[in-house]
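Topology and contacts: notes
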Amino acid sequence: MPAEEAVDHTSPSTSRALVIAGGDLGVELPPRDGVVVIAADSGYDAAMAAGLDVDVLVGDLDSLSPTAADHAATHGVVVEQHPPDKDNTDLDLALRSAVDRGATVIDLYGGEGGRLDHLLGGALLLTSDAFPDTRIRWHVAGGTVHVVRPYVSAAIHGSPGDI
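Read on for an overview of the structure. Quick caveat: nothing in here was measured; it's all calculated off a predicted structure. (Residues numbered from 1 in each chain as written. Predicted model: local features only at pLDDT ≥ 70, side-chain atom pairs only at ≥ 80, totals over all residues. Heavy atoms only, no water.)

**Considering the overall build of the protein chain**
Applicable threshold: A run of H or I in DSSP becomes a helix once it reaches four residues, and a run of E becomes a strand once it reaches two; helices and strands are each numbered from the N terminus. In this description the radius of gyration comes from C-alpha coordinates, and the expected globular size is given by 2.2 Å times residues to the power 0.38. Categorising residues by exposure relies on relative accessible area from a 1.4 Å probe, with only protein chains included: less than 20% of the type maximum marks a residue as buried, more than 50% marks it as exposed, and the intermediate range marks it as partly exposed. Contacts between residues were defined by any pair of non-hydrogen atoms, one from each residue, lying within 4.5 Å.
In terms of regular secondary structure, the protein chain is built from 4 helices and 7 strands. Helices and strands appear in the protein chain in the N-to-C order β-β-α-β-α-β-α-β-α-β-β. Rg of the C-alpha trace for the protein chain: 15 Å, near the compact-globule value of 15 Å for 163 residues, within the 12% margin. Reported as C-alpha extents along the three principal axes, the dimensions of the protein chain are approximately 50 × 35 × 30 Å. Taken over 163 residues, the protein chain has a buried fraction of 42%. Looking at the protein chain alone, contacts between residues at least 24 apart form 49% of all its contacts between residues at least 6 apart.

**Overview of helix H4 (residues 116–126)**
Along an α-helix, residues three or four apart share an orientation, since each turn contains 3.6 residues. What counts, and what does not: Starting at the helix axis, one direction is taken to each C-beta atom, and the arc is that of these directions.
Restricting attention to buried positions, one finds in H4 the residues Gly 122, Leu 125 and Leu 126. Each buried residue of H4 sits inside an arc of 95° when the element is viewed along its axis, so together they form one side. Opposite the buried face of H4, by more than 90 degrees, sit the exposed residues Leu 116 and Leu 124. The inward-facing, buried residues of H4 abut helix H3 (90–100), strand E5 (105–109) and strand E6 (135–140).

**A word on the sheet that holds strand E3 (residues 56–59)**
Test applied: A pair of strands is labelled paired if DSSP reports no fewer than 2 bridges between them. Under this scheme, a helix contributes an axis fitted over its contacting stretch, all axes are lines through C-alpha atoms, and angles between N-to-C directions fall in the 0 to 180 degree range.
The 7 strands lie next to each other as E4-E3-E2-E1-E5-E6-E7, forming an open sheet whose pairing is mixed. Since the sheet does not close on itself, it has two edges, and those belong to strand E4 (78–81) and strand E7 (143–146), each with one partner. Sheet twist, expressed as the average angle between the axes of neighbouring strands with direction ignored, equals 20°. Note: E5 against E6, 5 bridges, orientation parallel. In the sheet register, Ile 106 faces E6, and the bridge partner there is Ile 136. Across the sheet, H4 touches E5 and E6, and the angle it forms with E6 is around 160°.

**Describing H3**
Within H3, 8 of the 11 residues are buried, leaving the element largely enclosed by the surrounding structure. Taken together, the buried positions of H3 are Asp 90, Leu 91, Asp 92, Leu 93, Ala 94, Leu 95, Ser 97 and Ala 98. Looking at the buried positions of H3, the neighbouring elements they touch are strand E1 (16–20), strand E2 (36–40), E3, E4, E5 and H4. One or two residues past the end of H3 sits Gly 102, with phi positive at roughly 95°.

**Section: the environment of Arg 115**
Tracing the backbone shows Arg 115 in the loop between E5 and H4. Each C-alpha atom, one on Arg 115 and one on Gly 23, is 8.8 Å from the other, the two residues being 92 residues apart in sequence.

Structure (structure tokens):
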């Protein structure tokens, strides 16, 4: 597999966000490099374990550990708590929070934690019409998923035969 394209968080023409979902990350988180970091519920636990500071915690917080909840409360993290009987998943709410904050590029980590319904739901969510002008890259253990839309390009590097 070719080396993954480095995530450039310094481009002045776009606003970037790092979204951390729950489940097994499968990959190492990049440094913050000045981007907004948003955790979807238990994604906060994953960010803490990786030593990554979070700016915004989003979700119904039903799978957030008590340690992570205390950490968020004592470290000035903005908490956007939603009721458990909501129509949107925590990941959907986190992506929308990133877009609401001006993100046009989102690097997503996590969300593939062993449940097929979460994996497929996450994959379908990324193709939603809710994010028409957003470049989304989902970094998973097996590689990177690039969401390609009519007006959002994606550069994919590799050679014939690469996986």
